[in-house]
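# Remarks on the overall topology
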Amino acid sequence: MKILETRFMQGFIKMADDGYHQGWHERNGGNLSYRLKPDEVELIRPRLNAPGDWQPIGTEVPGLAGEFFLVTGSGKYFRNIIVDPEVCLAIIELDDAGVNYRIRWGLVEGGRPTSELPTHLMNHEVKKKLTNDRHRVIYHAHTTNIIALTFVLPLSDKVFTRELWETATECPVVFPDGVGVVGWMVPGGREIALKTAELMEKYDVVIWAHHGMFCSGEDFDLTFGLLHTVEKSAEILVKILSMNPRKLQTITPDNFRDLAKGFNVTLPEEFLYEKP
Ligand code: 13P
Ligand code: ZN
């Protein structure tokens with residue numbers, strides 16, 4: 001079967017495009033990975049390219065030895081995925097030790113998998129084990145409102161979970177385990193991957209302060225839906241916090257009187273009372 005016509009490829013591309021249209025993928029922001037099922041690998045095996053050289057993953061994921069992943073390319077723009085998936089995406093294969101990968105499809109103009117490959121694969125490894133092989137999608141997006149909240153809320157799992165839950169009744173139902181929070185770290189390496197994967201043992205959602213969010217799920221709909229719900233609750237919270245009625249400064253009654261003189265209008269005194 002043509003690789004571009006497979007169900008998993010079409011689902012992947014649709015999800016990436018949906019994320020782009022939500023405004024979560026400026027430039028090359030964000031990345032997405034999918035762990036292929038054995039029958040999907042067999043379906044496309046005749047159309048895979050001859051293996052290239054093994055490259056280091058940058059971490060070890062022995063629990064994923066020999067598995068195949070569809071991943072976004074580093075530096076590729078989500079907005080271009082639907083236009084030219086063979087340039088923007090790659091199917092990679094892991095070696096028997098889970099320390100190297102090689103490209104078997106895609107990235108036809110060159111390049112390498114996302115710089116967050118260590119975090120994606122370490123998250124996959126944790127979730128594969130914990131969910132008895134069910135979770136297959138790891139999604140990273142630069143979600144505007146979650147990022148904004150990481151500047152004003154304490155960076156604690158407890159506070160983020162409770163505040164997000166309170167914004168919409170569906171939230172505790174959609175993410176009953178809560179959300180984990182990682183303080184600011186340099187992205188793109190093993191260190192942030194270790195910290196994120198540790199939190200993925202407990203949560204399906206991990207927030208990266210001043211950067212974005214990672215979600216894990218069974219399929220494209222559930223993973224997109226989870227990230228979408230968390231980001232929407234963050235949007236509601238941003239609006240609530242934005243409506244804080246305490247003003248630090250304002251236009252005073254005397255300013256209005258001066259304005260009235262300057263612009264030759266009458267502003268009735270009944271409106272220019274002193275507020276408590
Ligand atoms: P990549 O282009 O390497 O996937 O990086 C984007 C990103 O969001 C890094 O956190
Ligand atoms: Zn990012």
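Computed from a predicted structure; not experimentally measured.

## Let's talk about the packing of aromatic side chains
- A full pass over the atoms with the stated rule returns six aromatic pairs.
- Arranged with centres 6.1 Å apart and planes meeting at 85°, the rings of Phe 12 and Phe 220 form a pair that is edge-to-face. Highlighted residues: Phe 12 in helix H1 (residues 7–21) and Phe 220 in helix H10 (residues 220–242), separated in sequence by 208 residues. Of the two residues, Phe 12 and Phe 220, neither departs from the other in class, the shared state being buried.
- Where Trp 24 meets Phe 224, the ring centres are 5.5 Å apart and the plane angle is 35°; that geometry is what we call tilted. Of this pair, Trp 24 sits in the loop between H1 and strand S1 (31–35) while Phe 224 sits in helix H10, placing them 200 residues apart in sequence. Comparing Trp 24 with Phe 224 shows no difference in burial state: the two are buried.
- An aromatic cluster is present here, built from Phe 8, Phe 12, Tyr 34 and Phe 220 joined pairwise through their rings.

## Topic: the coordination of the zinc ion (ligand 2)
- Those donors, His 140 (NE2), His 142 (NE2) and His 211 (NE2), are the protein atoms that reach the zinc ion (ligand 2), and they lie 2.1 Å from it.
- For the zinc ion (ligand 2), the single-chain donor residues occur in sequence as H-x1-H-x68-H. A residue pair is termed long-range when its members are at least 10 positions apart, and His 140 in strand S6 (residues 137–141) and His 211 in the loop between strand S8 (205–208) and strand S9 (212–217) qualify at 71 residues. For the pair His 140 and His 211, one class covers both residues: buried.

## Some words on the packing of H1 against H10
- Across the interface, H1 lies against H10 with an axial gap of 10 Å and an inter-helix angle of 15°. As summarised for this structure, H1 and H10 are arranged roughly parallel, according to the angle between their axes. In terms of crossing hand, the pair formed by H1 and H10 is right-handed. Here Phe 8, Gly 11, Phe 12, Met 15, Asp 18 and Gly 19 of H1 lie close against H10, whose contacting residues are Phe 220, Thr 223 and Phe 224.

## As for the nonpolar core
- Judged by nonpolar contacts, the single largest core of 46 residues is most densely connected at Leu 70, Leu 89, Tyr 139 and Leu 164.
- Per-element tally for this core: the top contributor is H10, with seven residues.
- Those residues in contact with Leu 164 that lie beyond four places of it in its chain are Ile 146, Leu 149, Cys 171, Phe 175, Val 179, Val 230, Ser 233, Ala 234 and Leu 237.
- Of all hydrophobic cores here, the second largest spans 26 residues; its members include Ala 90, Met 185, Ile 192 and Met 200.

## Focus on the pairing of strand S4 (residues 89–94)
- Burial within S4 is extensive, with six of its six residues counted as buried.
- What you see with S4 is no split at all: Leu 89, Ile 91 and Glu 93 on one side and Ala 90, Ile 92 and Leu 94 on the other are buried throughout.
- Pairing of strand S3 (residues 68–72) with S4, which is carried by five bridges, proceeds in the antiparallel orientation. Bridge pairing links Leu 70 to Ile 91 in S4.
- As paired strands, S4 and strand S5 (residues 100–106) are joined by five bridges and run antiparallel to one another. By the bridge assignment for S5, Glu 93 is matched with Arg 102.

## Looking at the sheet that holds S8
- Read across the sheet, nine strands follow the order S2-S5-S4-S3-S1-S6-S9-S8-S7 without closing on themselves; strand pairing throughout is mixed. The open sheet has two edge strands with one neighbour each: strand S2 (55–56) and strand S7 (180–182).
- Examined bridge by bridge, S8 and S9 share four bridges and lie antiparallel to one another. Paired with Trp 208 across the strands is Gly 212, a residue of S9.
- Lying on the sheet, H1 is in contact with S1, S3, S4, S5 and S6; it crosses S1 at an angle near 160°.
- Along the sheet, helix H5 (residues 117–130) contacts S1, S3, S4, S5, S6, S8 and S9; its crossing angle with S1, the most-contacted strand, is approximately 40°.

## Looking at the pairing of S9
- Of all six residues in S9, six are buried; the element is thus mostly enclosed.
- The alternating pattern of S9 places Gly 212, Phe 214 and Ser 216 and Met 213, Cys 215 and Gly 217 on opposite faces, both of which are buried.
- Note that S6 and S9 share five bridges and pair antiparallel. Pairing of Tyr 139 across the sheet is with Cys 215, part of S9.
- If you look at the hairpin formed by S8 and S9, you'll find three residues sitting between the two strands, and His 210 has a positive phi there, around 60°.

Calculation criteria
Residues numbered from 1 in each chain as written. Chains lettered and ligands numbered in written order. Predicted model: local features only at pLDDT ≥ 70, side-chain atom pairs only at ≥ 80, totals over all residues. Heavy atoms only, no water. Phe/Tyr/Trp six-rings, centres within 6.5 Å; stacked < 30°, edge-to-face > 60°. Helix = DSSP H or I, 4+ residues; strand = E, 2+ residues; numbered from the N terminus. Buried < 20%, exposed > 50% of the residue type's maximum accessible area, 1.4 Å probe, protein only. Donors = N, O, S within 2.8 Å, 3.2 Å for Na, K, Ca; no water. Axes fitted to C-alpha atoms, helices over the stretch in contact; angles between N-to-C directions. Parallel < 35°, antiparallel > 145°, perpendicular 65-115°, else oblique. Left-handed = near helix turned anticlockwise from the far one by under 90°. Contact = heavy atoms within 4.5 Å. Core = buried A, V, L, I, M, F, W, Y, C linked by side-chain atoms within 4.5 Å. Pairing = 2+ DSSP bridges.

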